[in-house]
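# What the coordinates show
Chain by chain, the residues run as shown.
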Amino acid sequence: MILKGLKPYFFAIALFSLASHGITSPWRFEVGAGARNVSPLVLVAGLGYDNYTFRVQGLGAHSGPRDFWCGVRGSLLWTFFKELPFYFDAGLGVGYEFAEAPNKMHQALNDANKGNFLYPYNYRENMDISLELWTHLYGVYTQISVPAYRFMDHDVPDILWGVGYMFNF
């Protein structure tokens, strides 16, 4: 029964792959998901023309008061060796990331001392312009961002990285 409902999807995928075989276009589209060291999960979308690529990534989550994270980053990149299975992109990126989480140890110390001596939460915040290098191998990507200028910086590592998978079509 399940296969009966999936037959049209298999037919559409087979038709698309046959129709697109041998067609070369300067336009490229990318979609995927990954993880970063400041934002735990991001969705990635990209648009490329010839060797230029514009890529946007971001996502956020909210679990309660003072327990959330969000991040967004845009990149303008130049692609090298795009016709090979292993290729890389280099360029500039701009991003903003913010995370806040409760700190149970600080809350316990404040309760024990009957006062607010420590923040009852931890937070990270970063807004920067960075130099970026992306490497790709059969859809798996890694990203390294080295901030060249930081507008905001609180408790963020010096080198930002990401890893994930992207479909290119």
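Residues numbered from 1 in each chain as written. Predicted model: local features only at pLDDT ≥ 70, side-chain atom pairs only at ≥ 80, totals over all residues. Heavy atoms only, no water.

## Regarding the nonpolar core
Grouped together as the largest cluster of nonpolar side chains are six residues: Val-42, Val-44, Leu-77, Trp-134, Tyr-141 and Met-166. Every residue in contact with Met-166, bar those within four places of it in the chain, is listed here: Glu-30, Val-31, Gly-32, Val-44, Arg-55, Trp-134, His-136, Gly-139 and Tyr-141. (Core = buried A, V, L, I, M, F, W, Y, C linked by side-chain atoms within 4.5 Å. Buried < 20%, exposed > 50% of the residue type's maximum accessible area, 1.4 Å probe, protein only. Contact = heavy atoms within 4.5 Å.)

## Quick notes on the pattern of salt bridges
On inspection of all chains with the given rule, the structure shows eight salt bridges. Measuring nitrogen to oxygen at the nearest pair gives 3.0 Å for the salt bridge that ties Asp-89 to Arg-55. Taken together, the positions of Asp-89 in strand E5 (residues 86-102) and Arg-55 in strand E3 (residues 52-64) put the pair 34 residues apart, joining distant regions of the chain. Each member of the pair Asp-89 and Arg-55 is classed as buried. Between Asp-128 and Arg-73 there is a salt bridge, with the nearest N and O atoms lying 2.9 Å from each other. With Asp-128 in strand E6 (residues 121-137) and Arg-73 in strand E4 (residues 67-80), this residue pair connects regions lying 55 residues apart in the sequence. (Salt bridge = Lys/Arg side-chain N within 4 Å of Asp/Glu carboxyl O. Helix = DSSP H or I, 4+ residues; strand = E, 2+ residues; numbered from the N terminus.)

## Quick word on unusual backbone geometry
Phi is positive for Lys-114, which is not a glycine, with a value near 50°. Mapping Lys-114 onto the fold places it in the loop between helix H2 (104-113) and E6. Judged by relative accessible area, which is 77%, Lys-114 ranks as exposed. With a phi angle near 50°, Tyr-138 is a residue other than glycine that sits in the positive phi range. If you trace the backbone, Tyr-138 turns up in the loop between E6 and strand E7 (140-154).

## Structural notes on the pairing of E4
By the bridge criterion, twelve bridges tie E3 to E4 in an arrangement that is antiparallel. Bridge pairing links Gly-60 to Cys-70 in E4. Linking E3 to E4, which pair antiparallel, is a turn of two residues; within it Arg-66 sits at a positive phi near 55°. Where E4 hands over to E5, the hairpin turn is made up of five residues, of which Phe-81 adopts a positive phi near 60°. (Pairing = 2+ DSSP bridges.)

## What to know about the side chain of Ser-39
Within the secondary structure, Ser-39 is located in the loop between strand E1 (27-36) and strand E2 (42-49). Not counting the four nearest positions on each side in its chain, Ser-39 is found in contact with Trp-69, Cys-70, Gly-71 and Glu-97.

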